[in-house]
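Residue-level structure breakdown
For reference, the chains in residue letters:
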Amino acid sequence: MNDAASLLAQDSLAYAMLHAARVCVAVRAGRSLTESLAEVRASLPAGARGAIQDLAFRTMRARGAADAVLAEFATRMPPQALVRELLCIALALLDGVRCDGAACTSPPYPPFTVVDQAVTAIASQRDTVAARGFVNAVLRSVLRQSERVSAVLSANEAARLNYPVWWIARLRRAYPEQWQAILAAGQCAAPLTLRVNRRRSSLADYLALLEEAGLAARTLGESAVCLERARPVDEIPGFAAGLVSVQDEAAQRAAALLDAHSGQRVLDACAAPGGKAAHLLELADLDLTALDVSALRLRRVADNFARLGLLARLVEGDAGEPAGWWDGRHFDRILADLPCTASGIVRRHPDVRWLRRETDIKALSSRQQQILDALWSVLAPGGKLLIVTCSVFPEEGTLLARDFARRHGDAASAADVGQLLPEAMPDADHDGLFFALFDKTA
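Residues numbered from 1 in each chain as written. Predicted model: local features only at pLDDT ≥ 70, side-chain atom pairs only at ≥ 80, totals over all residues. Heavy atoms only, no water.

1. Concerning the pattern of salt bridges
- Scanning the model with the defined rule gives 33 salt bridges in all.
- In this structure, Arg 28 engages Glu 85 in a salt bridge whose closest nitrogen and oxygen atoms are separated by 2.7 Å. Remark: Glu 85 occurs in helix H5 (residues 81-92) and Arg 28 occurs in helix H1 (residues 13-28); sequence separation between them is 57 residues.
- When its relative accessible area of 31% is taken as the criterion, Arg 28 is described as partly exposed.
- Given a relative accessible area of 3%, Glu 85 falls into the buried group.
- Measuring nitrogen to oxygen at the nearest pair gives 3.1 Å for the salt bridge that ties Arg 402 to Asp 403.
- Given the relative accessible area of 26%, Asp 403 is considered partly exposed.
- Several salt bridges converge on common partners, so that one network encompasses Arg 218, Glu 228, Asp 248, Arg 347, Arg 348, Asp 429 and Asp 431. (Salt bridge = Lys/Arg side-chain N within 4 Å of Asp/Glu carboxyl O. Helix = DSSP H or I, 4+ residues; strand = E, 2+ residues; numbered from the N terminus. Buried < 20%, exposed > 50% of the residue type's maximum accessible area, 1.4 Å probe, protein only.)

Set out below in structure tokens:
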């Protein structure tokens, strides 16, 4: 970081824009938003982290529009990647350029403030200070020529909807009646939904604790509590004491579907960060193995279990290669939360749409089938396998389950759950997930 950056007030919009731009540069280069934010935030004051994250998320939701507008108004972009990303952040904050749909609320800052702070941010860096006039000119041109902006967005569906062309086309084919609602749900900011740990509290008791703390919330399902306003986990009553965990309401359905009973041997095959495994342990006394290919991610599972007061066997290994970790004893229940495109959780990870490529779907589908075939071999006769993907693409859902059943004559469908599409309504606020439950008949 340049010394000049330290001259920016840490509570200023310019400071947040500068560091959010660094995050967006990393995402443009192929890094995930989660990883990029974690790296930047670790070295920044706590008071600035929320604003930086908010700007980065807003920009990912408006990147299609911002890129299209820049292509129209900035035909000669300076070579520094930071300039482009800072302009995208500024455009994401301007009314008329931001995303189309449910996430478009009133702009958080007046236009003149956005322009002024963008110029201040770019001028604070020695290697970009020469671009301050360019940034100022582009943003003021955009503000003066709103009809031209509207024409750009009207002519470009990917820009107007803020999704890649291939993503829109696939959803339109798969869900001819719902594709627009799916895209709109992905543009909404995700709620902060909690799962109450039944070993340490009840839904009623925890709601009373929230009321005592002056926090408004609503219930979603049997154990889910949705806060009206998101807040850091260290400000959530009882979080440190293990009373609750952060988990989307749709994801909370997995434990009930798997229907594990005390004493059973259970495998969570792709466990990290451990939310679904923890939920299973909160509901029954299980001999549970949490398996993950990453030792680093398994440490997150261990941390979550420790906070919740839960015990399980943590094993590093590839779910698709049981020879490296299986002890020869079959499992009564297996949860297969498979690696996927994450197309059903775009509202939580808005960068996914820009990082994924259409060719990823075929590659991931092959990997998913490999894992499922391997896991089926370690499931006991009479046992249950629950397939879960956080996707809305049929290749990772209905087609995945169909092909699996065709390959295994002893796999009987045990529940007609199928594809859960994302929703953002007061009484149904959840991500898009796919579930398929199979009984092993022999």
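2. Considering the nonpolar core
- In terms of nonpolar packing, the biggest core is built from 56 residues, with Leu 91, Leu 139 and Val 142 touching the most fellow members.
- Among the elements that make up this core, the one with the highest residue count is H1 (11 residues).
- Membership of the second largest hydrophobic core comes to 49 residues, among which are Leu 298, Leu 308, Cys 340 and Ile 361. (Core = buried A, V, L, I, M, F, W, Y, C linked by side-chain atoms within 4.5 Å.)

3. Points about the packing of H1 against helix H3 (residues 46-61)
- The geometry of H1 relative to H3 is characterised by a closest axis approach of 8 Å and an angle of 50 degrees between their N-to-C directions. As the angle between them shows, H1 and H3 are arranged oblique. Our pair here, H1 against H3, has a crossing hand that is right-handed. Contacts between H1 and H3 pair Leu 13, Tyr 15, Ala 16, Met 17, His 19, Ala 20, Val 23, Cys 24 and Val 27 from the former with Ala 48, Ala 51, Ile 52, Leu 55, Ala 56, Thr 59 and Met 60 from the latter.
- A class-by-class count of the residues in the contact of H1 with H3 yields 14 nonpolar, two polar and no charged. (Axes fitted to C-alpha atoms, helices over the stretch in contact; angles between N-to-C directions. Parallel < 35°, antiparallel > 145°, perpendicular 65-115°, else oblique. Left-handed = near helix turned anticlockwise from the far one by under 90°. Contact = heavy atoms within 4.5 Å. Nonpolar A, V, L, I, M, F, W, Y, C, P; charged D, E, K, R; others polar.)

4. Side note on the sheet that holds strand S10 (residues 411-420)
- Judged by pairing direction, the sheet is mixed, and its seven strands sit side by side in the order S7-S6-S5-S8-S9-S13-S10 without closing on themselves. Whereas interior strands pair on both sides, the edge strands pair on one side only; in this sheet they are strand S7 (313-316) and S10. Within the sheet, the average angular offset between the axes of one strand and its neighbour, ignoring direction, is 15 degrees.
- Its contacts with the sheet put helix H15 (residues 295-308) on strand S6 (287-292) and S7, and the angle it makes with S7 is roughly 170 degrees.
- With respect to the sheet, helix H18 (residues 398-407) is in contact with strand S9 (379-389), S10 and strand S13 (433-440), its orientation differing from that of S13 by roughly 15 degrees. (Pairing = 2+ DSSP bridges.)

5. Describing the packing of aromatic side chains
- Inspection of every chain in the model, using the stated rule, returns six aromatic pairs.
- An angle of 40 degrees between the planes, with centres 6.1 Å apart, marks the rings of Tyr 163 and Trp 167 as tilted.
- A residue is classified by how much of its surface remains accessible, and Tyr 163, at 2% relative accessible area, is buried.
- An angle of 65 degrees between the planes, with centres 5.2 Å apart, marks the rings of Trp 167 and Phe 393 as edge-to-face. Of this pair, Trp 167 sits in helix H10 (residues 165-174) while Phe 393 sits in the loop between S9 and H18, and the two are 226 residues apart along the sequence. Like Trp 167, the residue Phe 393 is buried in the burial classification. (Phe/Tyr/Trp six-rings, centres within 6.5 Å; stacked < 30°, edge-to-face > 60°.)

6. Remarks on the side chain of Glu 396
- Its location among the elements puts Glu 396 in the loop between S9 and H18.
- Among buried Asp, Glu, Lys and Arg side chains, Glu 396 stands out as unpaired, with Arg 356 the closest opposite charge at 6.7 Å.
- Engagement of the side chain of Glu 396 in a polar contact is seen with the side chain of Gln 368, the distance being 3.1 Å.
- In this structure Glu 396 touches Cys 340, Thr 341, Ser 343, Leu 364, Gln 368, Thr 389, Ser 391 and Phe 434, once residues within four positions along its chain are discounted. (Lys, Arg positive; Asp, Glu negative; His and termini not counted. Polar contact = N/O pair within 3.5 Å; in protein donor to acceptor, adjacent residues only side chain to side chain.)

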